[in-house]
Amino acid sequence: MDKKTKKQRSENMRRIRSTDSLPEMIVRRTIYKLGYRYRLHNNKMPGRPDIMLAKLNKIIFVNGCFWHCHKKCSDGHIPKSRLAYWKPKLERNVKRDIRNRSLLRNLGWKILVVWECETKDLNRLTKKVSRFLKN
Ligand SMILES: [Zn+2]
């Protein structure tokens, strides 16, 4: 018997969708294939890291190019049509990212940021991730 109410279930669905994005799934699969095991979305850590490899002291963030303002990326620009709306929102995201990364570094974690656009080239992605995890 499924004891969850309809409301709870749709809440779960929403949460799953918002955290398990396609780029993130691609990065996870890449890490898994390389033979590493990881933990997901640790709420106790600053920035709630997407992927955490505790034994290696390493963390991987998978950032959406738009939401995290990927520089020099066609998806990372603030829409000019609604600049007043987006600019403060996105700048806040960037500041939060910087703060969280520095908190984590101070706690001794090594951090890799994988951008959404980088998940489109699997060979390059695998090289990048493997280089980070090996060293
Ligand atoms: Zn990008």
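The sections below set out a description of the structure shown in this document. Being a predicted model, the structure only gives us computed values, none of them experimental.

**Brief notes about the nonpolar core**
- In this structure, Val27, Ile31, Ile51, Ile60, Val114, Val129 and Leu133 are the most contacted members of the largest nonpolar core, which totals 13 residues.
- For this core, the elements supplying multiple residues, two or more each, are α2 (22–33), β2 (51–53), β3 (58–63), β4 (110–115) and α4 (122–134).
- When residues in this core are grouped by element, the largest group, four residues, is from α4.
- Beyond its immediate sequence surroundings of up to four residues, Val114 is in contact with Val27, Ile60, Phe61, Val62, Asn63, Thr119, Leu125, Lys128 and Val129.
- Counting eleven residues, the second-largest nonpolar core is a separate cluster that includes Cys65, Cys73, Val113 and Trp115.

**As for unusual backbone geometry**
- Positive phi outside glycine occurs at Cys69, with the angle close to 50°.
- Looking at the element boundaries, Cys69 is found in the loop between β3 and α3 (83–106).
- Judged by its relative accessible area of 17%, Cys69 falls in the buried class.

**Remarks on the coordination of the zinc ion**
- Around the zinc ion, the protein contributes the donor atoms Cys65 (SG), His70 (ND1), Cys73 (SG) and Cys117 (SG), which lie 2.0 to 2.4 Å from the metal centre.
- Coordination at the zinc ion comes from four donor atoms whose angles at the metal span 101 to 116°, giving a geometry best classed as tetrahedral.
- Between consecutive donor residues of the zinc ion, the sequence gaps follow C-x4-H-x2-C-x43-C.
- Assessed through its relative accessible area of 15%, His70 is described here as buried.
- On the basis of relative accessible area, Cys73 is assigned to the buried category, the value being 6%.

Conventions used here
- Residues numbered from 1 in each chain as written.
- Predicted model: local features only at pLDDT ≥ 70, side-chain atom pairs only at ≥ 80, totals over all residues.
- Heavy atoms only, no water.
- Core = buried A, V, L, I, M, F, W, Y, C linked by side-chain atoms within 4.5 Å.
- Buried < 20%, exposed > 50% of the residue type's maximum accessible area, 1.4 Å probe, protein only.
- Helix = DSSP H or I, 4+ residues; strand = E, 2+ residues; numbered from the N terminus.
- Contact = heavy atoms within 4.5 Å.
- Donors = N, O, S within 2.8 Å, 3.2 Å for Na, K, Ca; no water.
- Tetrahedral: all angles 85-135°; square planar, octahedral: opposite > 155°, others 65-115°.

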